[in-house]
Amino acid sequence: VDSSNFSPTISWATGSQIVALNFQNDDESMLLNYAKFKPNGGKKCGYVLRPKYMLHDYKGPEQNTQNDPQKKPVKRVTIQIISGQALRGASEEPDSKKAVNPYVEVKVRGLPVDEKNNKPQKTQTVQNNAFHPVWASRTGAAEFTFDIANPDFTFFVFTAMNDSSGGGKKMIGWYAIELNNMVSGYRNIPLHKKNLKLIKHSYIFCHVSITDLNPVL
């Protein structure tokens, strides 16, 4: 009866071929939808293939078998937030005198088992530095580890926030990516406004490490 959205990940995990969302509502569900279809052309193509194991005798996202990959973590993702670039947000002028105290939050969105086992993590706040804030150090600060049971329907949401002493916490920009589309190594994360439009020259620089917890010998 309103423009709110549910999380589409459960519907995708059950094999739904069409998941309806309210596109007029700029929320996290739309961000996940953008991340799901971006690798296949985004708005240019409306289809992505389901995982192969869903094509035959699939029992649903909460199936309970002895070797159920959706209950036991199979991948470990370690993300180190190193620094940021031009984290002032699309609404701020480059020469604005407003103080920006940025920090970055990383959270998992997917099936309930993965969201429950992986709480949101955030860096410390850097005071008065939106141009080039640095969070990581040689001691390994700003490093977060997530154990994932179902990588086929797991998304990582990166949100840059401004912890303003006078105006409270405000979003600078955000980005989401599906785990299967992540690659280990040093990466620049492009930030988007809440309505998913790109913020030019605004990035989060990080290092990603993805490890198989149950490798095939």
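Before reading further, recall that the structure is shown in the block above.
Residues numbered from 1 in each chain as written. Predicted model: local features only at pLDDT ≥ 70, side-chain atom pairs only at ≥ 80, totals over all residues. Heavy atoms only, no water.

## Section: the pattern of salt bridges
- Considering all chains together, one arrives at seven salt bridges under this definition.
- Between Lys75 and Asp212 there is a salt bridge, and its shortest N-O distance comes to 2.6 Å. One end of the pair, Lys75, is in strand β1 (residues 75–85); the other, Asp212, is in strand β8 (residues 198–212), and 137 residues separate them in sequence.
- A network of salt bridges, in which partner residues are shared, links Glu28, Lys107, Arg109 and Glu115. (Salt bridge = Lys/Arg side-chain N within 4 Å of Asp/Glu carboxyl O. Helix = DSSP H or I, 4+ residues; strand = E, 2+ residues; numbered from the N terminus.)

## With respect to the pairing of strand β4 (residues 143–148)
- Of the two faces of β4, the one lined by Phe144, Phe146 and Ile148 is fully buried and the one lined by Glu143, Thr145 and Asp147 carries no buried residue.
- Two strands pair when backbone bridges link them, and β1 and β4 are joined in this way by six bridges, in the antiparallel orientation. In the sheet register, Lys75 faces β4, and the bridge partner there is Ile148. (Buried < 20%, exposed > 50% of the residue type's maximum accessible area, 1.4 Å probe, protein only. Pairing = 2+ DSSP bridges.)

## Thoughts on helix α2 (residues 28–37)
- For α2, a buried count of nine out of 10 residues is recorded, marking the element as mostly surrounded by other parts of the structure.
- Every buried residue of α2 is listed here: Glu28, Ser29, Met30, Leu31, Leu32, Asn33, Ala35, Lys36 and Phe37.
- Among the structural elements, α1 (9–13), β2 (102–109), β5 (155–164) and β6 (168–178) are those in contact with the buried residues of α2. (Contact = heavy atoms within 4.5 Å.)

## Describing the environment of Glu28
- Structurally, the position occupied by Glu28 is in helix α2.
- Taking C-alpha positions, Glu28 is 8.7 Å from Asn5, a pair spaced 23 residues apart along the chain.
- A distance of 2.7 Å separates the side chain of Glu28 from the side chain of Arg109, its partner in a polar contact. (Polar contact = N/O pair within 3.5 Å; in protein donor to acceptor, adjacent residues only side chain to side chain.)

## Things to note about the layout of surface pockets
- The computed volume of the largest pocket comes to approximately 1100 Å³.
- Around the largest pocket sit 35 residues that line it, and Asn33, Lys36, Phe37, Gly46 and Val48 are the ones nearest its centre.
- Take the lining of the largest pocket: its biggest share by element is five residues, from α2.
- Its residues assigned to classes, the lining of the largest pocket comprises 17 nonpolar, 10 polar and eight charged. (1 Å grid on protein atoms, 1.4 Å probe; cavity = no way out; pocket = protein on both sides within 12 Å on 5 of 7 lines; lining within 4 Å. Points joined across faces, edges and corners; volume = space filled by probe spheres on them. Nonpolar A, V, L, I, M, F, W, Y, C, P; charged D, E, K, R; others polar.)

## A closer look at the environment of Pro120
- Mapped onto the elements, Pro120 comes out in the loop between α3 (112–117) and β3 (121–122).
- As for Pro120 and Phe146, which are separated by 26 residues in sequence, their C-alpha atoms are 9.7 Å apart.
- For Pro120, the contacting residues outside a window of four places in its chain are Glu105, Val106 and Lys107.

## Some points on the pairing of strand β7 (residues 185–192)
- One ladder, built from seven bridges, connects β7 with β8; its direction is antiparallel. Paired with Ile189 across the strands is Ile204, a residue of β8.
- If you look at the hairpin formed by β7 and β8, you'll find five residues sitting between the two strands, and Leu196 has a positive phi there, around 75°.

## Some remarks on the side chain of Asp114
- Structurally, the position occupied by Asp114 is in helix α3.
- On the basis of relative accessibility, which here comes to 1%, the residue Asp114 falls in the buried class.
- Ignoring any residue separated from it by four or fewer positions in sequence, one finds Asp114 in contact with Val108, Asp147, Ile148, Ala149, Asn150 and Thr154.

## So, unusual backbone geometry
- One non-glycine residue, Asn128, lies in positive phi territory at about 55°.
- If you trace the backbone, Asn128 turns up in the loop between β3 and β4.
- In this structure, His201 is a non-glycine residue whose phi angle is positive, near 65°.
- Structurally, the position occupied by His201 is in strand β8.
- Here His201 falls in the exposed class, since its relative accessible area comes to 56%.

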